[in-house]
Amino acid sequence: MQRVILFILDGLAVAPSHETNYLYAAATPYFDYIAQTYPMGLLSVPSRADEGHELLGNGLSGVLATLGKRQEKWFDPVQLPLATYFFNGKQHESYTGETWRAFPSTIKLLQAPAAALPKCEAEFVLLSCAWPGEFIRGSTAKEAVFMFEKLDRVVHTSIDIMLACGSTVLITSSYADLGKVPVMLLSKEFEGKHFKGGREGAPITHDWHSLPVLGTLSDIAPTILKLMGLEKPRDMQGNTLL
């Protein structure tokens, strides 16, 4: 079974490279490896989280439910509205064939794939966490850099498990103050490849701000359907990034 995981790291945004860009200032060897190995680019997003959540949901869960696909939503307490309400047509009920898993903290959520994925039968998994956004809000520069470096290590461990289970992983964020977030696609099939309209040639550096803008958050749902070998409905916004 080909499983697709949408991994939301809310608050993972892109800004010009200067002293107040804490992600740029941090040592993030795993994110650098992703940028040099897998398809990566930028998406335009709203500055308001609720608007971004709606674009990201884009009717995807309803389409998958109609097609009889099994899906799971894993989330920490902050991400409950994104994982449920906005992905489920602004309703607070799960679809047929869908399971919700709430975790008490972001760390517990990021540790979940080790135990849960080998037993998971869902064809689509949404893993939505509030890190780094909630963790760096109100932090000093030194604390924010430390948090991004810790995020790099924790994400590395989580994604290694996802890939070892044969999953395809799509990473992004649902909002950004400056209007741009990264999008990354990881699986053995996509090593050394690029998104449609993406950058080719020299490896991408630590400076993500130089990446091309490929589209908007509404392109995530059509891309997931493409990865799952499914047709995009005519009334769904956006276009596939592949």
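Located above this text is the structure these notes cover.
Residues numbered from 1 in each chain as written. Predicted model: local features only at pLDDT ≥ 70, side-chain atom pairs only at ≥ 80, totals over all residues. Heavy atoms only, no water.

(A) Spatial organisation of the state of the cysteines. Under the defined criterion, the tally for this structure stands at zero disulfides. With no disulfide of its own, Cys 120 lies closest to Cys 165 among cysteine sulfurs, the gap being 9.1 Å. Note on Cys 120: relative accessible area 6%, which makes it buried. (Disulfide = S-S within 2.5 Å. Buried < 20%, exposed > 50% of the residue type's maximum accessible area, 1.4 Å probe, protein only.)

(B) How the structure looks around helix α8 (residues 141-164). Its 24 residues place the ends of α8 35 Å apart at the C-alpha level, agreeing with the 34 Å of an ideal helix rising 1.5 Å per residue. Residues of α8 that are buried include every one of Ala 144, Val 145, Phe 148, Leu 151, Asp 152, Val 155, Ser 158, Ile 159 and Met 162, and no others. Gly 166 sits one or two positions beyond α8 and adopts a positive phi of about 85°. (Helix = DSSP H or I, 4+ residues; strand = E, 2+ residues; numbered from the N terminus. Expected span 1.5 Å × (residues − 1).)

(C) How the structure looks around the packing of aromatic side chains. With the rule as written, the count across this model stands at four aromatic pairs. Measuring from centroid to centroid gives 6.3 Å for Trp 74 and Phe 103, while their planes differ by 55°, and the two rings are tilted. Residue Trp 74 is located in strand β3 (residues 71-75), and its partner Phe 103 is located in the loop between β4 (98-102) and α6 (106-116); the two are separated by 29 residues in the primary sequence. For Phe 103, a relative accessible area of 17% gives the class buried. Taken together, the ring pairs connect Tyr 30, Tyr 33 and Tyr 38 into an aromatic cluster. Sitting above the plane of the Phe 190 ring, Lys 193 keeps its charged end 5.9 Å from the centroid. (Phe/Tyr/Trp six-rings, centres within 6.5 Å; stacked < 30°, edge-to-face > 60°. Lys NZ or Arg CZ within 6 Å of the ring centre and 35° of its normal.)

(D) Main features of the nonpolar core. Ranked by size, the top nonpolar core spans 39 residues in total, and within it Phe 7 and Trp 208 carry the most contacts. Of all the secondary-structure elements, those providing two or more residues to this core are β1 (4-9), α2 (29-37), β2 (40-44), α6, β5 (124-129), α8, β6 (168-172) and β7 (180-186). Looking at which element gives the most residues to this core, the answer is α8, with six residues. Those residues within four positions of Trp 208 in sequence are excluded, and the remaining contacts are Leu 12, Val 14, Leu 23, Phe 31, Ala 35, Met 40, Leu 42, Pro 182 and Met 184. Residues Phe 87, Leu 170, Leu 225 and Leu 227 belong to the second largest nonpolar core, which totals 33 residues. (Core = buried A, V, L, I, M, F, W, Y, C linked by side-chain atoms within 4.5 Å. Contact = heavy atoms within 4.5 Å.)

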